[in-house]
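Observations on the three-dimensional arrangement
This is what each chain is made of:
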Amino acid sequence: MISPVPLSDSIYFAPLLPWQNELWSQLTKRVLMPQQSLPHALLAAGMQGMGKRAFVWRLVAWLLCRERVNHPLGACGTCESCQWLRSGTHPSLQVLPIISMPVSADNAYAKEAASSTAKDKKSAKAASNAALKIKVDDIRALQPFIYQGGQGMRICVLDYAEQMTIAAANALLKTLEEPQAQVHLFLISDTPAQLLPTIKSRVQQLALQTIEPTVSIDYVTQVLGSTVNREAVGTSAIEQLIQLANGAPLAAVSLAQAPWYGKRALWLTTWQALRSGKRSSIAASDYWQTQLSISEFIQLSELMLVDMRRVCLGLDALQKDIDLSASLSNYKPAESSFEAFINSLQQTKIALQQNVQEKFAYDKLMQELAYL
Ligand SMILES: [Zn+2]
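Conventions adopted
Residues numbered from 1 in each chain as written. Predicted model: local features only at pLDDT ≥ 70, side-chain atom pairs only at ≥ 80, totals over all residues. Heavy atoms only, no water. UniProt positions renumbered as here; feature names shortened; annotations may be inferred. Donors = N, O, S within 2.8 Å, 3.2 Å for Na, K, Ca; no water. Tetrahedral: all angles 85-135°; square planar, octahedral: opposite > 155°, others 65-115°. Buried < 20%, exposed > 50% of the residue type's maximum accessible area, 1.4 Å probe, protein only. Salt bridge = Lys/Arg side-chain N within 4 Å of Asp/Glu carboxyl O. Helix = DSSP H or I, 4+ residues; strand = E, 2+ residues; numbered from the N terminus. Pairing = 2+ DSSP bridges. Contact = heavy atoms within 4.5 Å. Axes fitted to C-alpha atoms, helices over the stretch in contact; angles between N-to-C directions. pLDDT = per-residue confidence, 0-100. Right-handed = clockwise from strand over helix to strand, strands pointing away. Left-handed = near helix turned anticlockwise from the far one by under 90°. Nonpolar A, V, L, I, M, F, W, Y, C, P; charged D, E, K, R; others polar.

By the naming in an unreviewed UniProt entry, the protein chain is DNA-directed DNA polymerase, taken from Psychrobacter luti. The UniProt entry for the protein chain carries this comment under Catalytic activity (unreviewed entry): "DNA(n) + a 2'-deoxyribonucleoside 5'-triphosphate = DNA(n+1) + diphosphate".

Pasting the structure below:
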């Protein structure tokens, strides 16, 4: 399996995602034309897995590149500016929140993959959540950089812009109201509804949200075709992945590569065995602990619940490759059963952040699954 987290510098020089070609050419033409320039503040917003971060980092690299006139399709990768980016020391780029490197791929799965390599997953995850906050002092610290004047373009990127505190947002507002020549601000947000309306009204949103279904299918097929057996991933399997990922191609790829995605039928078998009493919750817990980490099991369970609810409401299951309707034919749960189990999943996530033992959490979750 290929890690969804690219090398630290490849985010600047990765190939353009196919559904972003048009926007790329519009923006870059605008920059290269005399008397024209980019808006001072741009917002890349929308759900995870659409490639908005990939687009922003690539554009940032190109804007800073000394050779951009000769390389309209992306930063040259070799000039002084591109070398600074590679070494993470570009004097004309400031990034908030302050973490050691920008989160590279445009999805949460990448963040999780990155933190799961750390020795202590839980503390790494807790730390990464805390590090995402953007405080007023962080915005104030940008001011000298923004107002220093001088030659050449300067760029600030505010990732997870919705994580700004109110005070930080107000401080930023002031900056947005006083555009400085040669300074560009990029805001990135997965949940733009949480941004202050006054901020949103002063930034121009990049059109990154719409992707033609055929473009998505081609992209996911191509990416997965190079990492897994093409026979095993047919067109309907690709369509299913995209649907489960709400149309976000990068999220669909992460889903296919998630260790739990292939264990959906097994989850169903376990659930049925637990309900019928053929298997004890302790035995199920012991078994699943050898299969998946509990956070993976939670992601799997969340996906299964979405589809179980659909089937119980009389809708078609999104998953066509496992026989949910047959498994649920005599199943008439109260809506409160779903609520209770979703609640258990949430409680487990919180417990894990508080360093509850994984085995203990697994045991408890399996007990509750038996009553779903
Ligand atoms: Zn360059």
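That shown, we press on.
All of the protein donors around the zinc ion are Cys65 (SG), Cys76 (SG), Cys79 (SG) and Cys82 (SG); their distances to the metal are 2.3 to 2.4 Å. If you look at the zinc ion, its 4 donor atoms make angles of 104 to 114° with each other, and the shape they trace is tetrahedral. In primary-sequence terms, the residues that donate to the zinc ion follow C-x10-C-x2-C-x2-C. For the pair Cys79 and Cys82, one class covers both residues: buried.

Once their charged atoms are close, side chains differing in charge can pair, the charge on each being opposite to the other. Under the definition given, this model contains 14 salt bridges. In this structure, Asp190 and Arg53 form a salt bridge, with 3.2 Å as the shortest nitrogen-oxygen distance. Residue Asp190 is found in the loop between β4 (183-189) and α9 (197-200), and its partner Arg53 is found in helix α3 (residues 52-64); the two are separated by 137 residues along the sequence. The pair Asp190 / Arg53 is uniform in exposure class, with both members buried. Through salt bridges with shared partners, one network takes in Lys52, Arg53, Asp159 and Asp190.

Take the sheet that holds strand β3 (residues 154-158) next. Reading across from one edge, β2-β3-β4-β1-β5 is the order of the 5 strands in this open sheet, with parallel pairing throughout. Each edge of the open sheet is held by one strand with a lone partner, namely β2 (93-96) and β5 (204-205). Two strands pair when backbone bridges link them, and β3 and β4 are joined in this way by 5 bridges, in the parallel orientation. Residue pairing in the sheet places Cys156 in a bridge with Leu185 of β4. Relative to β3, helix α7 (residues 136-147) is tilted by about 165°, and along the sheet it contacts β2, β3 and β4.

Moving on, we come to the confidence of the model for the protein chain. Averaged over every residue, the pLDDT of the protein chain is 87; residues scoring 70 or more account for 87%. Scored below 50 in pLDDT, residues 1-7 makes 13 contacts in the model with residues more than four places away or belonging to other chains.

Here the focus is the pairing of β4. The buried fraction of β4 amounts to 7 of the 7 residues, a majority that puts the element mostly inside the structure. Where burial is concerned, the two faces of β4 agree: the one with Val183, Leu185, Leu187 and Ser189 and the one with His184, Phe186 and Ile188 are both buried. Bridge analysis of strand β1 (residues 41-45) against β4 gives 5 bridges, and the strand direction is parallel. Paired with Ala41 across the bridge in β4 is Leu185. With respect to chirality, the unit in which β3 leads through helix α8 (residues 166-177) into the neighbouring parallel β4 is right-handed.

The N-to-C vectors of helix α10 (residues 213-225) and helix α12 (residues 249-257) enclose an angle of 35°; their axes lie 9 Å apart at closest approach. As for the relative orientation of α10 and α12, their crossing is right-handed in sense. Along the contact surface, α10 presents Ser216, Tyr219, Val220, Val223 and Leu224, while α12 presents Pro249, Leu250, Ala252, Val253, Ala256 and Gln257. For the contact of α10 with α12, the residue count by class is 9 nonpolar, 2 polar and no charged.

Along the chain, Gln20 falls in the loop between α1 (10-13) and α2 (21-32). Those residues within four positions of Gln20 in sequence are excluded, and the remaining contacts are Met50, Gly51, Lys52, Phe55 and Leu208.

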